[in-house]
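# Coordinate inspection notes
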Amino acid sequence: MDFLQPPGWVRPRGYSNGVAAKGRTICVGGMIGWDGQEQFHCDDIAGQTRQALKNIVEVLAEGGAKPEHIVRMTWYVIDKKEYVAAYKEIGAAYREVIGKHFPAMAAVQVAGLIEDRARVEIEVTAIVPD
């Protein structure tokens, strides 16, 4: 996996500008902050982010992948201000579950998610080396 950082660009915090990788591709659909039984255990964005990331890791494991194989993530949040206000807690949850691996990422504020109680939805693409 090669992390793409153009010369002279400021290094991004918490994500990479681009990633190049070869291998088996695993696409994980949008994961929200409920458990495998579709039960929410909290309503705050940081707690739901932690659970969504745990869900991602479990799905990746089913495909023989680990968090360090993630090459891109897209985060959909209901409220940008809530997301920004919880950066510290979200960062801690990210490092706890994913580690210090920072793939290419995008975060988008959306008008709503299909599950009304969901505060965040995250989808990922992982590439497991051959």
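Thresholds applied
Residues numbered from 1 in each chain as written. Predicted model: local features only at pLDDT ≥ 70, side-chain atom pairs only at ≥ 80, totals over all residues. Heavy atoms only, no water. Helix = DSSP H or I, 4+ residues; strand = E, 2+ residues; numbered from the N terminus. Buried < 20%, exposed > 50% of the residue type's maximum accessible area, 1.4 Å probe, protein only. Contact = heavy atoms within 4.5 Å. Salt bridge = Lys/Arg side-chain N within 4 Å of Asp/Glu carboxyl O. Phe/Tyr/Trp six-rings, centres within 6.5 Å; stacked < 30°, edge-to-face > 60°.

With an unreviewed UniProt entry as reference, the chain is termed Enamine deaminase RidA, source organism Undibacterium macrobrachii.

Turning our eyes to something else, we now look at the environment of Tyr94. You can see Tyr94 is positioned in helix H3 (residues 87-97). On the basis of relative accessibility, which here comes to 5%, the residue Tyr94 falls in the buried class. For the pair Tyr94 and Arg50, spaced 44 residues apart in the sequence, the C-alpha separation amounts to 6.8 Å. Excluding its chain neighbours within four sequence positions, the residues that come into contact with Tyr94 are Leu53, Met73, Trp75, Gly99, His101, Phe102, Pro103 and Met105.

On to the pattern of salt bridges. Applying the stated rule across the entire model yields 3 salt bridges. The closest approach of N and O atoms between Glu96 and Arg50, which form a salt bridge, is 3.1 Å. In this pair, Glu96 is assigned in helix H3 and Arg50 in helix H1 (residues 45-62), connecting sequence segments 46 residues apart. With a shortest N-O distance of 2.7 Å, Arg119 and Glu82 are connected by a salt bridge. In this pair, Arg119 is assigned in the loop between strand S5 (104-109) and strand S6 (120-128) and Glu82 in helix H2 (residues 80-85), connecting sequence segments 37 residues apart.

The next subject is the packing of aromatic side chains. Across all of its chains, the model carries 4 aromatic pairs by this definition. Geometrically, the ring pair formed by Tyr83 and Tyr87 is edge-to-face, given 5.4 Å between the ring centres and 80° between the ring planes. You can call Tyr83 buried: its relative accessible area is 15%. Under the relative-accessibility criterion, Tyr87 is labelled partly exposed at 48%. The interplanar angle of 15° and the centroid separation of 5.7 Å between the aromatic rings of Tyr94 and Phe102 together place this pair among those described as stacked. Relative accessible area serves as the criterion here: at 29%, Phe102 is assigned to the partly exposed category. One aromatic cluster in this structure is built from Trp75, Tyr83 and Tyr87.

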